[in-house]
Amino acid sequence: MPRTNKFSHPSEAVCARILDFYRIPWEYEPTSFPIDWDAKGTIISSFRPDFYLPAQEQYIELTTMSQKLVTKKNRKVRRLRELYPHINIKIFYQRDLKNLLVKYGLCSEEAM
Amino acid sequence: MLDETLFSEDDIGQALTRLSGQLTTDYAGCAPVLVTVLRGGFMFLADLMRAVRLPLSVDFLAVSAYGPHAGDLGTVQVLKDLQELIAGRDVIVVEDIIDTGLTLNYLLELLRAGRPNSLSVCTLLDRSVRRIAQIDIEYTGFAIPDVFVVGYGLDYQQRFRELPYIAKVKIESSS
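Keep in mind it's a predicted model, so treat the numbers as computed, not measured.

Overview of the overall build of chain A
Item 1. Within chain A, the secondary structure is distributed over three helices and six strands.
Item 2. Helices (α) and strands (β) of chain A occur, in sequence order from the N terminus, as α-β-β-β-β-β-α-β-α.
Item 3. Taken over 112 residues, chain A has a buried fraction of 30%.
Item 4. Partitioning the contacts of chain A with sequence separation of at least 6, the portion at a separation of at least 24 is 54%.

Quick word on the nonpolar core
Item 1. Ranked by internal contacts, the top residues of the largest apolar core, which has 56 residues, are Tyr22(A), Val94(B) and Cys122(B).
Item 2. If you tally residues by element for this core, the top one is strand β5 (residues 90-98) of chain B, at six residues.
Item 3. In this structure, Tyr22(A) is in contact with Val76(B), Leu102(B), Thr103(B), Asn105(B) and Tyr106(B), ignoring residues within four places of it in sequence.

Structural notes on the sheet that holds strand β7 (residues 139-143) of chain B
Pairing between the strands of a sheet is mediated by backbone hydrogen bonds and can be parallel or antiparallel.
Residue and element names in this part refer to chain B.
Item 1. Pairing within the open sheet is mixed, and its six strands lie in the order β4-β3-β2-β5-β6-β7. Taken across any chain shown, the strands that pair with only one partner, and hence form the sheet edges, are β4 (78-80) and β7. Mean inter-strand twist for the sheet, computed between neighbouring axes without regard to direction, equals 25°.
Item 2. As paired strands, strand β6 (residues 118-126) and β7 are joined by four bridges and run parallel to one another. Residue pairing across strands places Cys122 opposite Tyr139, the latter belonging to β7.
Item 3. Of the strands in this sheet, β2 (33-37), β3 (57-63), β4, β5 and β6 are in contact with helix α4 (residues 102-112), which crosses β5 at around 170°.

Let's talk about the environment of Ile44(A)
Item 1. Position of Ile44(A) relative to the elements: it lies in strand β3 (residues 43-47).
Item 2. Residues within four places of Ile44(A) in sequence aside, it is in contact with Asp36(A), Trp37(A) and Asp38(A).

A closer look at helix α2 (residues 42-51) of chain B
Item 1. The complete set of buried residues in α2(B) reads Met43(B), Phe44(B), Leu45(B) and Leu48(B).
Item 2. Tucked inside the fold, the buried residues of α2(B) contact α1 (9-26), β2, β3, β5 and β6 of chain B.

Things to note about the confidence of the model for chain B
Close inspection of predicted coordinates is inappropriate for parts of the model with low pLDDT.
Item 1. Scored by pLDDT, chain B has a mean of 90; 94% of the residues are at 70 or more.
Item 2. Reported for the predicted complex are a pTM of 0.83 and an ipTM of 0.75.

Quick word on the environment of Ile137(B)
Item 1. Residue position: Ile137(B) is located in the loop between β6 and β7.
Item 2. On a C-alpha basis, the gap between Ile137(B) and Cys122(B) in space is 6.6 Å, while along the polypeptide they are 15 residues apart.

So, α1(B)
All names here are of chain B.
Item 1. The end-to-end C-alpha distance of α1 is 25 Å, a good match for the 26 Å that 18 residues give at a rise of 1.5 Å each.
Item 2. What α1 keeps buried is the set Ile12, Ala15, Leu19, Ser20 and Leu23. Buried residues of α1, viewed axially, fall in a sector of 125°; they line one side. In this structure, α1 carries Asp10, Thr17 and Thr25 as exposed residues pointing more than 90 degrees from its buried face.
Item 3. Buried residues in α1 make contact with β1 (2-7), α2, β5, β6, β7 and β9 (166-169).

Observations concerning unusual backbone geometry
All names here are of chain B.
Item 1. Here the amide bond leading from Leu38 into Arg39 is cis, since omega sits at 10°, within 30 degrees of zero.
Item 2. Within the element layout of this structure, Arg39 appears in the loop between β2 and α2.
Item 3. Here Tyr152, not a glycine, exhibits a phi torsion of approximately 50°, which is positive.
Item 4. In this structure, Tyr152 sits in the loop between β8 (149-150) and β9.
Item 5. Backbone geometry at Gln158 places phi at a positive 70°, although glycine is not the residue there.
Item 6. Relative to the helices and strands, Gln158 is located in the loop between β8 and β9.
Item 7. Accessibility expressed as a C-beta count within 10 Å gives 7 for Gln158, which makes it exposed.

What counts, and where the lines are drawn
Residues numbered from 1 in each chain as written. Chains lettered and ligands numbered in written order. Predicted model: local features only at pLDDT ≥ 70, side-chain atom pairs only at ≥ 80, totals over all residues. Helix = DSSP H or I, 4+ residues; strand = E, 2+ residues; numbered from the N terminus. Buried ≥ 20, exposed ≤ 12 C-beta atoms within 10 Å, placed from the backbone. Contact = placed C-beta atoms within 7 Å. Core = buried A, V, L, I, M, F, W, Y, C linked by C-beta atoms within 7 Å. Pairing = 2+ DSSP bridges. Axes fitted to C-alpha atoms, helices over the stretch in contact; angles between N-to-C directions. pLDDT = per-residue confidence, 0-100. Expected span 1.5 Å × (residues − 1). Arc of directions from axis to C-beta.

And the structure:
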């Protein structure tokens, strides 16, 4: 597993640390899924989940945005599930992440 | 901090009756070993093993927990290993709660390496909304939503384990 990833948010780095601790293999943003095309068939929208856990065959998408702003992301995930029903993806919302950080004693250490 | 009761003593008793009945039926003719992970699962294990009508044995595991200084620790480690060999045995992992599944995923890999005849999971609480590692759970007491719970062996900062019921707890996070 390469450890030179540049995470786009501190919460992703925390997630990677937790996965490393529990020896769960992960890949960071390995796949971009086209989810919308124009009339000519050109891809106009894609979705790249944050993590892929190959041993679990599961994608994880973290979102630290406020709940009001996740509608767009929810729509993308819903679209991905429609187009790729065999893909297993789980969203962790801001509250889920905070709960995880509290569980692992990280809430006061890591900024969300 | 302590909030409403989620599962009363009666609720827990009914779950114990149901789970122990299932185990007694499914493992009829066997002498399984119940393995629990310290420290949260001890109370559930104690009550479950008294309700199961089978000859059985118990064993315990303890692992290092992730925390603020986990970066220094590296990766999860076994702090206390099994005292019995499990090769050829029917092993039932007894958990108080499964949420991310990360610790249990690691432990199941470890236990599989011991070449048991069979390996299954029995948990009192299943908080699947937080699941990261996909795990097959054969026996579940209650499915719960994404709430913090304490009591019946479950703690928050080592408090509330002694409660005979399970209650929600309000956590004031600092971020």
